[in-house]
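# Descriptive analysis of the structure
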Amino acid sequence: MPSFQQLAEILFPQPISDKLTENQANDVMHLIAHVYSDADYFVTNNTKDFIDGKGSKKNMNLKNLTRNRLEEIGIKILTSEEASIKFISLA
């Protein structure tokens, strides 16, 4: 099970001296709650923090960076649109 620190480093890579903002800490806690819930997918429209890497608007190579790093540790992230398409196709 990933730790708070591990998830924080994936979501918000920053110098160690920088502290997380309250919103950033809440984002990490949302992922921890997801892990504990044993849900299959974490659905969010916050692509900036949960899907794309920092700087992805300037560098297309960073698209999906955060999503890919989270999937490496077993957390699958979908936007609400992706979830709708996925779950409709299962019906």
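As a starting point, this report considers the structure included with it. Everything numeric in this text was worked out from a predicted model, so none of it was measured.

Relative to the elements of secondary structure, Ile-77 occurs in strand S2 (residues 77–78). We classify Ile-77 as buried; its relative accessible area is 0%. Separated by 11 residues in the primary sequence, Ile-77 and Thr-66 place their C-alpha atoms 9.4 Å from one another. Excluding residues that lie within four positions of it along the chain, Ile-77 makes contacts with Leu-31, Phe-42, Thr-44, Phe-50, Ile-51, Arg-67, Leu-70, Glu-71 and Glu-82.

Here we take up the side chain of Thr-44. Of note, Thr-44 is situated in the loop between strand S1 (42–43) and helix H3 (47–50). Setting aside chain neighbours within four positions, we find Thr-44 in contact with Phe-50, Ile-77, Leu-78, Thr-79 and Ser-80.

Another aspect to go through is the packing of helix H1 (residues 4–11) against helix H2 (residues 22–37). Two elements in contact, H1 and H2, have axes separated by 9 Å at closest approach and are oriented at 120 degrees. Classified by the angle between their axes, H1 and H2 sit oblique to one another. Relative to H2, the crossing made by H1 is right-handed. Contacts from Phe-4, Leu-7, Ala-8 and Leu-11 in H1 reach Ala-25, Asp-27, Val-28, Met-29, Leu-31 and Ile-32 in H2. For the contact of H1 with H2, a count of residues per class yields 9 nonpolar, no polar and 1 charged.

Attention shifts here to the environment of Thr-66. Mapped onto the fold, Thr-66 is located in helix H4 (residues 65–72). Given the relative accessible area of 4%, Thr-66 is considered buried. Separated by 19 residues in sequence, Thr-66 and Thr-47 have C-alpha atoms that sit 9.1 Å apart. When sequence neighbours within four positions are dropped, the list of residues in contact with Thr-66 reads Ile-10, Leu-11, Asp-49, Phe-50, Ile-51, Asp-52 and Gly-53. Side-chain polar atoms of Thr-66 contact the backbone oxygen of Asp-52, separated by 3.1 Å.

How each quantity is defined
- Residues numbered from 1 in each chain as written.
- Predicted model: local features only at pLDDT ≥ 70, side-chain atom pairs only at ≥ 80, totals over all residues.
- Heavy atoms only, no water.
- Helix = DSSP H or I, 4+ residues; strand = E, 2+ residues; numbered from the N terminus.
- Buried < 20%, exposed > 50% of the residue type's maximum accessible area, 1.4 Å probe, protein only.
- Contact = heavy atoms within 4.5 Å.
- Axes fitted to C-alpha atoms, helices over the stretch in contact; angles between N-to-C directions.
- Parallel < 35°, antiparallel > 145°, perpendicular 65-115°, else oblique.
- Left-handed = near helix turned anticlockwise from the far one by under 90°.
- Nonpolar A, V, L, I, M, F, W, Y, C, P; charged D, E, K, R; others polar.
- Polar contact = N/O pair within 3.5 Å; in protein donor to acceptor, adjacent residues only side chain to side chain.

Shape descriptors only; they carry no functional weight alone.
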